[in-house]
Amino acid sequence: MATSNPVLRYAESRKNLTGCVCGLAGLGIGLTGAAGGLWPLVVLGLYGAGALIAPPERPDAPDFPSTDEQLESLRADHATLREYLAEVELPEAARERLDELDALVEALLEPGWVSDPEHLRVLARAVRQDVPEAVDAFVRTRWWSRVNPGSEPPERHLERQLAALREEAGGIAAALQEAEELRQRAHTRYLEDRGPGSCAGPGA
């Protein structure tokens, strides 16, 4: 068990344990009388030698969430995002683009589809950053546009942002589709190459 106390940490270290084993061997030599009166030096020498040859300590590797755990967390965040978006007033065109993007993201987040870390990163960024930031910027800018009209309608920027995010998510969907098509073609070739005689028994 890891400890922050340096004394206890060394006591549990491989160097100390290996040194102790070698020191005990030196003590055994001393008890036989082979080392004479120098047996304490033999014990210390063997302990030091054991500590030197012991393999270095290896810190425990960090325990990061698995792909399934990351996906479940992202699905929960997507549900939270949906609750927020349901309360926001949006123009019809922007709402349609948002609903299309949301449906695609929901499909991609179904278990068993996305496993590539890069794809997960893109979806996580869209759910946790890009979509809420785009919608919040629209809401804030629209308020100022109503107070001080005459600037470019903020919904145009929102629609462009949602279109870009839809294209990005569509790239992931296209990559998954291509992978499934390759898998299907590979299985077709396997079955066709196997031939009708592959199941025939010996001597048939």
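The structure this text deals with has already been given above.
Remember, predicted model here, so these are calculated numbers, not experimental data.

On to helix α7 (residues 154-194), then. Between its first and last C-alpha, α7 extends 60 Å over 41 residues, near the 60 Å set by a 1.5 Å rise per residue. Among the residues of α7, those classed as buried are P154, L158, L162, L165, A169, G170, I172 and L176. A positive phi of about 75 degrees marks G195, the residue just after α7.

According to the stated counting rule, one finds 2 cavities of 30 Å³ or more in the structure shown. Size it by volume and the largest cavity reaches roughly 70 Å³. As for the largest cavity, its lining consists of H78, L81, L85, L98, L101, D102, V105, A126, V127 and V131. For the lining of the largest cavity, the secondary-structure elements that each account for two or more residues are α4 (67-86), α5 (92-108) and α6 (117-147). Broken down by element, the residue count for the lining of the largest cavity peaks at 4 residues, all from α5. Within the lining of the largest cavity, the residues separate by chemical class into 8 nonpolar, 1 polar and 1 charged. Taken as a whole, the second largest cavity spans an internal volume of roughly 30 Å³. L101, V122, L123, A126, L165, E168 and A169 are the residues that line the second largest cavity. Of all the elements in the fold, those that place two or more residues in the lining of the second largest cavity are α6 and α7. Split into classes, the residues belonging to the lining of the second largest cavity amount to 6 nonpolar, no polar and 1 charged.

Among the secondary structure elements, D102 is positioned in helix α5. Each residue touching D102, except ones within four places of it in the same chain, is listed here: H78 and R82.

Next up on the list: the side chain of H78. Along the chain, the position of H78 falls in helix α4. A residue is classified by how much of its surface remains accessible, and H78, at 7% relative accessible area, is buried. Among the polar contacts listed, one links the side chain of H78 to the side chain of D102, at a separation of 2.8 Å. Those residues within four positions of H78 in sequence are excluded, and the remaining contacts are D102, V105, E106, L109 and V127.

Glancing now at the nonpolar core. Judged by nonpolar contacts, the single largest core of 29 residues is most densely connected at L108, V131 and L158. For this core, the secondary structure elements donating two or more residues are α4, α5, α6 and α7. No other element matches the 9 residues that α6 contributes to this core. V131 has contacts with L81, L85, L98, L101, A126 and L165, leaving out every residue within four places of it along the chain.

To continue, consider the environment of L104. Tracing the backbone through its elements, the reader meets L104 in helix α5. For the pair formed by L104 and G170, sequence separation is 66 residues and the distance between their alpha carbons is 7.7 Å. Among residues more than four places away in sequence, those in contact with L104 are R166, A169, G170 and A173.

A separate point is the packing of α5 against α7. One can describe the packing of α5 onto α7 by two numbers: an axis separation of 9 Å at closest approach and a directional angle of 25 degrees. The orientation of α5 with respect to α7, classified from their angle, is roughly parallel. Crossing handedness for the pair α5 and α7: left-handed. Contacts from A93, A94, R97, L98, E100, L101, L104 and L108 of α5 reach α7 at L158, E159, L162, A163, L165, R166, A169, G170, I172, A173 and L176. In the contact of α5 with α7, the residues fall into 14 nonpolar, 1 polar and 4 charged.

What counts, and at which threshold
- Residues numbered from 1 in each chain as written.
- Predicted model: local features only at pLDDT ≥ 70, side-chain atom pairs only at ≥ 80, totals over all residues.
- Heavy atoms only, no water.
- Helix = DSSP H or I, 4+ residues; strand = E, 2+ residues; numbered from the N terminus.
- Expected span 1.5 Å × (residues − 1).
- Buried < 20%, exposed > 50% of the residue type's maximum accessible area, 1.4 Å probe, protein only.
- 1 Å grid on protein atoms, 1.4 Å probe; cavity = no way out; pocket = protein on both sides within 12 Å on 5 of 7 lines; lining within 4 Å.
- Points joined across faces, edges and corners; volume = space filled by probe spheres on them.
- Nonpolar A, V, L, I, M, F, W, Y, C, P; charged D, E, K, R; others polar.
- Contact = heavy atoms within 4.5 Å.
- Polar contact = N/O pair within 3.5 Å; in protein donor to acceptor, adjacent residues only side chain to side chain.
- Core = buried A, V, L, I, M, F, W, Y, C linked by side-chain atoms within 4.5 Å.
- Axes fitted to C-alpha atoms, helices over the stretch in contact; angles between N-to-C directions.
- Parallel < 35°, antiparallel > 145°, perpendicular 65-115°, else oblique.
- Left-handed = near helix turned anticlockwise from the far one by under 90°.

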